[in-house]
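A closer look at the structure
One letter stands for each residue in the lines below.
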Amino acid sequence: MTNTILVINGPNLDMLGTRQPEVYGYDTLADVEALCRRIGKEEGVEIDFRQSDSEAEIMGWIKQARGTAAGLLINPAGFTSTSIAILDSLLIYEGPIIEVHISPLFRRDEFRHLSYVSKAATAKIEGFGIRGYDFAIRKLAELARG
Ligand code: DHK
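First, a word on scope: everything that follows refers to the structure included in this document.

Thresholds, definitions, all that
Residues numbered from 1 in each chain as written. Predicted model: local features only at pLDDT ≥ 70, side-chain atom pairs only at ≥ 80, totals over all residues. Heavy atoms only, no water. Helix = DSSP H or I, 4+ residues; strand = E, 2+ residues; numbered from the N terminus. Buried < 20%, exposed > 50% of the residue type's maximum accessible area, 1.4 Å probe, protein only. Contact = heavy atoms within 4.5 Å. Areas by Shrake-Rupley, 256 points an atom, 1.4 Å probe, with all protein chains shown as cover. Lys, Arg positive; Asp, Glu negative; His and termini not counted. Charge placed at Lys NZ, Arg CZ, Asp CG, Glu CD. Pairing = 2+ DSSP bridges. Axes fitted to C-alpha atoms, helices over the stretch in contact; angles between N-to-C directions. Near = heavy atom within 4 Å. Polar contact = N/O pair within 3.5 Å; in protein donor to acceptor, adjacent residues only side chain to side chain. Nonpolar A, V, L, I, M, F, W, Y, C, P; charged D, E, K, R; others polar.

The number of helices and strands found in the chain is 5 helices and 5 strands. Its helices and strands in sequence order give the chain the pattern β-α-α-β-α-β-α-β-β-α, from N to C terminus. Taken along the three principal axes of its C-alpha coordinates, the chain extends 40 × 30 × 25 Å. Out of the 146 residues in the chain, the part that is buried amounts to 48%. Looking at the chain alone, contacts between residues at least 24 apart form 75% of all its contacts between residues at least 6 apart. Surface accessibility of the chain: about 7100 Å² in total, with carbon and sulfur atoms responsible for 52%. Positive and negative charge centroids in the chain, built from 16 and 20 side chains respectively, lie 3 Å apart.

The next point concerns the sheet that holds strand β5 (residues 123–126). Judged by pairing direction, the sheet is parallel, and its 5 strands sit side by side in the order β2-β1-β3-β4-β5 without closing on themselves. Here the strands that pair on one side only, and so sit at the sheet edges, are β2 (46–51) and β5. Taken pair by pair, the neighbouring strands of this sheet meet at an average axis angle of 15°, ignoring direction. Direction of pairing for strand β3 (residues 71–75) relative to strand β4 (residues 97–101): parallel, over a ladder of 3 bridges. Residue pairing in the sheet places L72 in a bridge with I97 of β4. Across the face of the sheet, helix α3 (residues 55–65) comes into contact with β1 (4–9), β2 and β3 while running at roughly 165° to β1.

With that settled, consider the site of the ligand. Every residue close to the ligand is listed here: P11, R19, Y24, N75, A77, G78, H101, I102, S103, L105, R108 and R112. In this structure, S103 approaches the ligand through a side-chain N or O atom, which is 2.6 Å from an oxygen atom. Contacts to the ligand include R112, whose side-chain N or O atom sits 2.8 Å from an oxygen atom. The protein chains hide 95% of the 310 Å² of surface that the ligand would expose on its own. Counted by class, the shell around the ligand contains 5 nonpolar, 4 polar and 3 charged residues.

Take it as geometry only, folks, not as evidence of what the structure does.
Now the structure itself:
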């Protein structure tokens, strides 16, 4: 097992910074990646940072993570409430999974409240802005250290 944390960002997160900044803030995905790499360095873990709009690509990454990643951080974005397929891929992964959402889903649209991904998650963080990635990587690094 490596000490790599795989960070998966779902659809439209490439548009952070310009996309509904009143909801998601002004930080870009590059800022999120820089944050993850900084925290990873502090915690002594490698960061493999990815984004895709494709459900199939995300499922492929999760399946490849089996045996190769010490932990998985996923912001499933628009696939959160729709993808049983991503849930099923996550259920194949044997390591810890932390689900992160930038915005507070609990006080947004009703349809965002359901998360299939949560059924496979070790923990979930939402509403802390991009700081949620910071907390999640620190926790995954702690779990990776055993
Ligand atoms: C990001 C998205 O793209 C939305 O589809 C989710 C999530 C919320 C976030 O807060 O990071 O509903």
